[in-house]
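Commentary on secondary and tertiary structure
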Amino acid sequence: MAIVAGVDFGTLSVRVTIVDTERGRLGSGVGEFPLHRRRDDPDSATQSHADHMRALADAMQKAVSSAKVRGDQIAALAIDTTGSSVIPVGENLEPLNDYYLWCDHRAWREAALITETARRQKLEVIEWCGGVYSSEWGFSKLLHWLRHNPEKRERFVTAFEHCDMAAAVLCGITDPELAPRSVCAMGHKWMWNEALGGLPPEDFLVAVDPLLRGVRAKLGGRYATSDHPAGGLAPEWAAKLGLRAGIPIPIGAFDAHWDAVGAGARTGDVVNVVGTSTCIIAMSDETRLIPGVCGVVPGSVHPQKTGVEAGLSATGDIFEAIARRAGSTVAALSAGLATYKAGQTGLLRMTWDNGDRTVLVNPELGGITLGWNLTHAPEDELFAAIEGTAFHTRVIFERMEKHGVPIDRVINGGGIPQKNNVLNQIYANVLNKPVLIPKSDVTSLGSAIFAALAAGAHRSIEDAQRALCPAHRIVEPDTESARVYEELYGLYRELYFGFGKPDSAVIPVGRILPTLRRIAAASRGHG
């Protein structure tokens, strides 16, 4: 038995959970930090390293107090973060700027250039990223920074993903060659592929832009899965966090990947980690290419299995935007949605408000809503948006299944499914599969599981999951709703590829709006 701390950095806060490796969760604490947006550039989203670390200390203090334990009783801690959240650093890992947060899309031109160059040079690793490089990912953001900060280029030493920067700082590491590099982060977002020699070759990076000359060599460090140590907690940070110096910290990972572990995922499960965006996480015993899926990386979720990542660039953010435009809240707008029937609004929503992460991998797309009339209310738009995210999820599932990823169970993880059962029911109906929801919040439980492994309290992830993961409640699909959604999904899928692919074939659209009206009338009992 051991007491450990799981740390989860989200978009606006960090949660620390204190866990007894036999009895489960003891307490938790949250520290908040600002997200910096710019009115003149909606693609910009940044955060401060100093704000992150201040919030971590605050959250740790609250968690220890909530758990009613002493800080010196904690035997290990592990960290997951958002990603790709990238920070350029100088000597001694001193930040040269704020993080480019995961939702920063300023680097869309750089991403397009990387994709075009990779295709022209027939770079094999781009296929393991789904065939398209994203503006959300590491090399795009680093190149954008190099282009727009010429006065700081000479001071640039390396760049880190947030999970690696946090672990290195906590361990007191100042030499980039000794710093941890998460296989999860570098494999999914930086085209690192062990079988292909690691990072993309120097000549490719220089062909993208000469500013990338030498960057490959600067991205050194200890590349490893999360069953390996990043180091021990440094005395300076032990004092700030109120913990013992030297306790082990494993190499970190992305929040969604460890959330899937905390949700009890195993081979054959697909986990929708539904929050501000959606990350779709699966594991496979085989390593296969999946076109349009943004990462197939051995060891990225479970160290002994191949991790598969896909997702939606915005989910909860879309719901919040609808509520904000209506001068309301998502909770208030959701209050009456339980009585809504499948397709009753007559709206069909393409949820591209923040671009498409999977399977089109196109940040230049925008949201589309078809079927408006003069009586539609914000509640109708919210219901249609939930339906739209479910339809998009089904597109992704079909792509994954087509390329050999088993989907035996669907688990809705993340924060939103814990408080929005309308979403869970719609997903069950659209997917026509039972949807499992953890009976308690699993945020930062995945990181606690990896901390437990680092402390030697459990021999395997599976042992830790059996001891610590909550049971699931099950939402079954409704037969009639599933039938309605089967027809609507056919329309959605046709429009998804018709609007979303630049080279799409001409599609007949004249039947779309009449079909939406017919389905809506039938759902309301007027058919």
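My aim in this report is to walk through the structure given alongside it, one point at a time. Model, not experiment: these values are computed from the prediction.

**As for the overall build of the protein**
When its secondary structure is counted, the protein shows 18 helices and 23 strands. Here the C-alpha atoms of the protein give a radius of gyration of 23 Å, agreeing with the 24 Å that 2.2 N^0.38 yields for 527 residues. Projected onto its principal axes, the C-alpha coordinates of the protein cover approximately 70 × 55 × 45 Å. Each of the 527 residues in the protein was classed as buried or not, and the buried ones make up 62%. The long-range fraction of contacts in the protein, counting pairs at least 24 apart against all pairs at least 6 apart in sequence, stands at 71%. In the structure as shown, the protein presents an accessible area of about 20000 Å², 50% of it carried by carbon and sulfur atoms.

**A look at the nonpolar core**
Counting residues in hydrophobic clusters, the biggest one holds 63 residues, and the most contacted among them are Phe-319, Met-400 and Tyr-496. Considering every element that reaches this core, the biggest residue donor is helix H12 (residues 378–402), with 10 residues. Ignoring any residue separated from it by four or fewer positions in sequence, one finds Met-400 in contact with Val-270, Ile-280, Ala-282, Ile-290, Val-293, Val-308 and Val-405. Among the nonpolar cores identified, the runner-up in size contains 44 residues, and Ile-3, Ala-230, Leu-241 and Leu-243 belong to it.

**Some details on helix H2 (residues 108–120)**
With 13 residues, H2 extends 18 Å between its outermost C-alpha atoms, agreeing within 8% with the 18 Å of an ideal straight helix rising 1.5 Å per residue. Within H2 the residues assigned to the buried category are Glu-110, Ala-111, Ile-114, Thr-115, Thr-117 and Ala-118. One face of H2 carries all of its buried residues, which in axial projection span an arc of 170°. For H2, the exposed residues lying more than 90 degrees away from the buried face are Arg-109 and Arg-119. Looking at the buried residues of H2, the elements they touch are helix H3 (138–148) and helix H6 (202–208).

**Considering the packing of aromatic side chains**
Centre-to-centre distance and the angle between the planes together describe a pair of aromatic rings. Per the stated rule, a full pass over the model turns up 13 aromatic pairs. Aromatic ring contacts, followed pair by pair, group Trp-352, Phe-391, Tyr-485, Tyr-489, Tyr-492, Tyr-496 and Phe-497 into a single cluster. A cation over a ring is seen here: Arg-106 above Tyr-100, with NZ or CZ 4.3 Å from the ring centre.

**Focus on the packing of helix H17 (residues 479–500) against helix H18 (residues 512–523)**
At a minimum axis separation of 11 Å, H17 and H18 run at an interaxial angle of 160°. Between H17 and H18, the interaxial angle falls into the category roughly antiparallel. For the pair H17 and H18, the sense of crossing is left-handed. Touching Val-484, Glu-487, Leu-488, Leu-491 and Leu-495 of H17 are Ile-512, Thr-515, Leu-516, Arg-518, Ile-519 and Ser-523, all from H18. In terms of residue class, the contact of H17 with H18 is built from seven nonpolar, two polar and two charged.

**Section: the environment of Asp-353**
Take Asp-353: it is sitting in the loop between strand S19 (348–350) and strand S20 (368–370). A residue is classified by how much of its surface remains accessible, and Asp-353, at 35% relative accessible area, is partly exposed. With 12 residues separating them in the primary sequence, Asp-353 and Leu-365 have C-alpha atoms 7.4 Å apart. The residues touching Asp-353, leaving out its near neighbours within four places in the chain, are Ile-318, Gly-366 and Gly-367. Polar contacts involving the side chain of Asp-353 include one to the side chain of Arg-349, which spans 2.8 Å.

**Focus on the pairing of strand S7 (residues 86–89)**
Taking every second residue as pointing to the same face, both faces of S7 are buried, with Val-86 and Pro-88 on one and Ile-87 and Val-89 on the other. Across four bridges, the pairing between S7 and strand S9 (residues 158–161) is antiparallel. Paired with Val-86 across the two strands is Glu-161, which belongs to S9.

**Focus: the sheet that holds strand S16 (residues 278–284)**
Strand pairing in a sheet relies on backbone hydrogen bonds, with the paired strands running either antiparallel or parallel. Ordered by their spatial adjacency, seven strands build an open sheet running S17-S18-S16-S15-S21-S22-S23, and the pairing between neighbours is mixed. Across the chains shown, the open sheet's two edge strands, defined by having one partner strand only, are strand S17 (296–298) and strand S23 (472–475). Taken pair by pair, the neighbouring strands of this sheet meet at an average axis angle of 25°, ignoring direction. Across two bridges, the pairing between strand S21 (residues 409–413) and strand S22 (residues 435–438) is parallel. Its bridge partner lying in S22, Val-410 is registered against Val-435.

Parameters and conventions
Residues numbered from 1 in each chain as written. Predicted model: local features only at pLDDT ≥ 70, side-chain atom pairs only at ≥ 80, totals over all residues. Heavy atoms only, no water. Helix = DSSP H or I, 4+ residues; strand = E, 2+ residues; numbered from the N terminus. Rg over C-alpha atoms; globule rule 2.2 N^0.38 Å. Buried < 20%, exposed > 50% of the residue type's maximum accessible area, 1.4 Å probe, protein only. Contact = heavy atoms within 4.5 Å. Areas by Shrake-Rupley, 256 points an atom, 1.4 Å probe, with all protein chains shown as cover. Core = buried A, V, L, I, M, F, W, Y, C linked by side-chain atoms within 4.5 Å. Expected span 1.5 Å × (residues − 1). Arc of directions from axis to C-beta. Phe/Tyr/Trp six-rings, centres within 6.5 Å; stacked < 30°, edge-to-face > 60°. Lys NZ or Arg CZ within 6 Å of the ring centre and 35° of its normal. Axes fitted to C-alpha atoms, helices over the stretch in contact; angles between N-to-C directions. Parallel < 35°, antiparallel > 145°, perpendicular 65-115°, else oblique. Left-handed = near helix turned anticlockwise from the far one by under 90°. Nonpolar A, V, L, I, M, F, W, Y, C, P; charged D, E, K, R; others polar. Polar contact = N/O pair within 3.5 Å; in protein donor to acceptor, adjacent residues only side chain to side chain. Pairing = 2+ DSSP bridges.

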